[in-house]
Structures are given as C-alpha cells and as structure tokens.
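# Reading the structure
Here is what each chain is made of, one letter per residue.
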Amino acid sequence: MNLLDYAWFAVAVLLGVAVIFLCAVLWNVFRVIDSTKDLIVGVTKQTVPLLGEVGTTVSLVNQELARVDGILSMAETVAASVGGMVNAVSSTISSPLVKLSAFAYGLRRAAGKATEEGRPARRRRFRR
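In this report, we go over the structure that sits alongside the text. (Residues numbered from 1 in each chain as written. Predicted model: local features only at pLDDT ≥ 70, side-chain atom pairs only at ≥ 80, totals over all residues. Heavy atoms only, no water.)

### Quick word on a nonpolar patch on the surface
On the surface, Met85, Val89, Ile93, Leu97, Leu100, Phe103 and Leu107 cluster together to form a nonpolar patch covering roughly 710 Å² of accessible area. Secondary-structure assignment places Leu107 in helix α1 (residues 3–118). (Patch = residues over 30% accessible without salt bridge, like charges linked within 9 Å, V, L, I, M, F, W, Y side chains within 5 Å. Areas by Shrake-Rupley, 256 points an atom, 1.4 Å probe, with all protein chains shown as cover. Salt bridge = Lys/Arg side-chain N within 4 Å of Asp/Glu carboxyl O. Helix = DSSP H or I, 4+ residues; strand = E, 2+ residues; numbered from the N terminus.)

### Quick word on the pattern of salt bridges
All told, the structure shown has two salt bridges when counted by the stated rule. Two residues, Asp34 and Lys37, come together in a salt bridge whose shortest N-O distance is 4.0 Å. With Asp34 and Lys37 both in helix α1 and three residues apart, the pair spans about one turn of that helix. With its nearest N and O atoms 3.4 Å apart, the salt bridge here joins Arg67 to Glu64. Of the two residues, Arg67 and Glu64 are both situated in helix α1; the distance of three residues between them amounts to about one turn of the helix. Classification of Glu64 as partly exposed rests on a relative accessible area of 41%. (Buried < 20%, exposed > 50% of the residue type's maximum accessible area, 1.4 Å probe, protein only.)

The following block contains the structure:
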C-alpha cells in the first residue's frame, strides 16, 4: 500500500465520521420537530374547545347586554316621566304656596301697622 491509498482511506474514514455526525444531528432535529408537532397538536386540542366556549360566552354576554339595554331604556323612560310629574306637581303646588306666603306676609305687615296706629309708641327703657 502506498501513501495515496492511506490518504484515500483517511478521507473515507473522515467522510464516514461526518456522515454519522450529520445523521446524529438530523436525528436530534427530527426529535425536536416531532416534539414541536406534538406540542402544536396538544395546544390545538385544548384551544378549539376553548374557542367554542368563548363563542358561547360572547353570545350569552350579547344577550345579557341586550336585556340591560332594554332595562336602561325603560329606566330612562321612567326617569323622564317622573321628571315631568315632579315639574307638574312643583308648578301646581309652588305657585299657590308663593301666593299664600305673600298674602300672609302682607296681612302680617298690615296687622302690625294697624296695631301701631291704635296705640301710642312705646318707649324703651334700658336697664342698667
């Protein structure tokens, strides 16, 4: 065997080691990809039912919001009715009360002047 044969043998051995090394790397890459696929399948199996539940929850929330909207519109109508009633009662009662108060004030002043005219003015005495 000559030197060229040894060189080709060394190249063949190095090439064999490189092939074995690449096979090991590819095997590990395959395992990582397989684990990633299993993870994605597991997430998908858990996510799809959750999305269905979320859809159901959103539809129920929309129904409840529609009910609340109806309640709020009724409350707004009632508040407007009560406000109108308060205004009507206030205007109905306050106007006669103001007139009665003014009349009572006028009577009191007139009665006070009438009593002052009939009596002599009092002198106030100061106590020491």
